[in-house]
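Structural characterization, general
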Amino acid sequence: MATNRMFRTCPSTGLVFHEPAEKLMKANAVVAVVFLLIGGLLAIGVTLTRWQAVHWLAPDRFYQVLTAHGLNMLVFWIIFFEMAVLYFAASTLLKCRLATPSMGWVGFWLMLFGALLNNYSVLRGDSSVMFTSYAPMGAHPTFYLGLIVFAVGALVNCFVFFGTLAVAKNERTYHGSVPLVTFGAITAAIIAVFTIASGAIILIPTFLWSVGLIEHIDSLMYRTIWWAFGHSSQQINVSAHVAVWYAGAAVVFGAKPLSEKVSRTAFLLYIFFLQLASAHHLLADPGLTSNWKIFNTSYAMYLAVLASMVHGLTVPGSIEVAQRKKGYNNGLFEWLRKAPWGNPAFAAIFISIIVFGFLGGISGVMMGTEQLNLLIHNTIYVPGHFHATVATGTTLAFMGLTYFLIPVLFRKQVMFAGMAKWQPYIFGIGMAGVALFMMGAGTLGVPRRHWDMAFTGNAMPYEFPGTAWLMMGLMGISALVAFLGGAMYLAITVGSVFFGKSIETPGFKHVRAADGVAPAPQPVAAAAGGHGNVGSWGMVAPGTFVLALVFLGAFVLYYFVNWKYLSQVWPLR
Amino acid sequence: MSAILPPSERVWWKEPLDRVELLWIVIALIWCLVMFFMMPYWHIYGSQNLANEAFRTSAESYVKKTDEMIAKYKVREEGGDLKIPVVHPPVGSDVYLIARLWQWYPILELEAGKSYRIHLMSMDWLHGFSLQPENINIEVHPGYDHVITVTPTRAGTYSIICNEYCGINHHTMSSKLYVK
């Protein structure tokens, strides 16, 4: 067969890499990190302007930099990295050749061209319309065109991923069901297809409007459909980084999911109940009824929230079980105390779980409650929320995965290993501070996407309370810590990949698929009761359960504190 | 490394659940239902709910209604050179507030403890009605006249700022609201 069927087996992990897939993974991961670098540099401008004591950039430059920061971080960095994750989850985990690698390259170049075109439009200076580009505020046509081309590329790659799944099934490269991590990646890819379709539905007319072929774009229609793209794109992240959590638990601890059934059902709930959830962006908009808002923000049961709460238990729970089986079975938390805190892959994923849940999850549900939304709509609380979910949750999980991929995929030793130990903590704590202080300032009414909270020179300025200024200052200081963590990450990854010491792999060999790719994994005999006789209180993971109850307590308390706060504002009906 | 391998049990969907998962799912589901019911509950027993009242209208007709209101109930002008009219509308009446680049127009003067039907609409792009320090935040669209019935509770001078990005002078879009 003419298809390139070259494979290599990683000697340390036994993972099988298909070379064309490997090249695509590397290209996507490297480009992703370049966009992270660009987005990070732009973040410095954003922070040092919003930190009112510094107030660095002029307003036009600030809005331009903020637009580019949002797009490069929320779209280009994340989606490029996710493409690498998709190829890894399909080709490597299923030990399968990648379907149509050349289409993978078509997708890659389309995405890269689209991303550059979009950045070009923002650089021109006439497209400072923010990530959301709400019509009828218009951008240069290349702004929309860049996003459309990028999305087409991403769609092509999703289908390369789906094709690979089909190839794996046909060629029987695995037995039984796909691994859980692959299942999570499938979830991400399905949501990605929905996301891209929504994006096309709104961005193509908006592009035609920007070149004068369509006369009018309704602002409410734009927001309704745009958020099916805008928020769903972040749901791809959630699915992908939860898959990465499971992968991290498996790689670092050899952890087995507590139950395949529960974890997979939770992913399935994401597909059914997460991807459509754009209603929570429209809770303070006219023209939509409360019935519509209440139903669509929750689907009556918050099943996507339930799914995240389940993953939040099962990932640490599986780690706890794996640790207890290793002998760390004393008390509630010996498993956690004896965890490999110096392993950056673990530390990154653990901090990702905690910050995503406690800061991102709780704030997200609060904001997504119909009436409570009034308190924080469009305040800096909102970026606070997604700096906990995306900037800490997703980004830190992907950073953790990188520490695993550098030796396995790039076959390089991790440079600056001492620094790598600290990197997840510095980035994670800094970014958690950014999120927390933004939320604090937002609770005091500080608006998002706003150049001057001092309202200097205005005829009728508003004077924010001193606490709001303090919060913004603390946000700036936390951001400096996060920048340091981000710079360390970039130094480590770029250093390792381009200048690092290659890992000599004695086991390295090319294997033709025809000669037998790799033996199918032998079914492991499961211990009675699923996970053997570890744990206490009739639970395999009592420590995790206690942590989950702490989380629930914080959630309930914070939720009702906000209702109390709402009950004190002016009556509205 | 099971999460990255196919499940060891071929028939994984028949494996029993551990108590820790089952208990957590039940607790979490109950909490999710509580959170859902809080929203309809607040519509019945709470006082802070957005109305479902909105009308599609044109900028011209909205400006006309606003100007009529200003002509009838203007009490003074403020804002220095801008000379923005301050309007003291009758209790319970329809009060029109225009959002446009980059201004709230006119300035409103309301009475504490009394209800008003406040209309919000943008003349151009999206704007964000943000009443400070009360912290009530509502999206303002062009073409949609959004009516909210508000009862100011405490006398004082409040600020209305724009918190939906609306271009280069977004940060200059701030105004006052008086409650007597």
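Placed above this text is the structure.
All values reported here derive from a predicted model rather than from experimental measurement. (Residues numbered from 1 in each chain as written. Chains lettered and ligands numbered in written order. Predicted model: local features only at pLDDT ≥ 70, side-chain atom pairs only at ≥ 80, totals over all residues.)

On to the interface of chain A and chain B, then. Between chain A and chain B, the contact holds 96 residues from the first and 81 residues from the second. Elements represented by at least two residues in the side of chain A that touches chain B include exactly helix 2 (59–92), helix 5 (180–210), helix 6 (219–253), helix 7 (260–273), helix 8 (290–298), helix 9 (303–325), helix 12 (373–376) and helix 16 (542–567) of chain A. For the side of chain A that touches chain B, the class distribution of residues is 60 nonpolar, 25 polar and 11 charged. (Contact = placed C-beta atoms within 7 Å. Helix = DSSP H or I, 4+ residues; strand = E, 2+ residues; numbered from the N terminus. Nonpolar A, V, L, I, M, F, W, Y, C, P; charged D, E, K, R; others polar.)

Residue and element names in this part refer to chain B. Of all seven residues that make up strand 10 (residues 144–150), five are buried, and the element is covered over most of its length. Pairing analysis gives three bridges linking strand 1 (residues 54–56) to strand 10, with the strands arranged antiparallel. Each bridged residue has a counterpart across the sheet, and for Arg56 the counterpart in strand 10 is Tyr144. The pairing of strand 7 (residues 116–122) with strand 10 spans five bridges and is antiparallel. By the bridge assignment for strand 10, Ile118 is matched with Ile148. (Buried ≥ 20, exposed ≤ 12 C-beta atoms within 10 Å, placed from the backbone. Pairing = 2+ DSSP bridges.)

Moving on, we come to the sheet that holds strand 7 of chain B. Residue and element names in this part refer to chain B. Strand order in this open sheet of five strands is 1-10-7-4-5, and the pairing throughout is mixed. Sheet topology places strand 1 and strand 5 (103–105) at the edges, where each strand pairs with a single neighbour. Here the average twist between neighbouring strands, direction ignored, is 20°. Bridging between strand 4 (residues 94–100) and strand 5 involves three bridges; their strand directions are antiparallel. What sits directly across from Arg100, in strand 5, is Gln103. Contacting strand 4, strand 7 and strand 10, helix 2 (residues 59–73) crosses the sheet at an angle of about 125° to strand 4. (Axes fitted to C-alpha atoms, helices over the stretch in contact; angles between N-to-C directions.)

This part is about the environment of Ala21 of chain A. Residue and element names in this part refer to chain A. Structurally, the position occupied by Ala21 is in helix 1 (residues 19–50). Residues Ala21 and Cys96 lie 75 residues apart in sequence; the distance between their C-alpha atoms is 9.5 Å. In contact with Ala21, not counting residues within four places along its chain, are Tyr87, Ser91, Thr92, Leu98 and Pro101.

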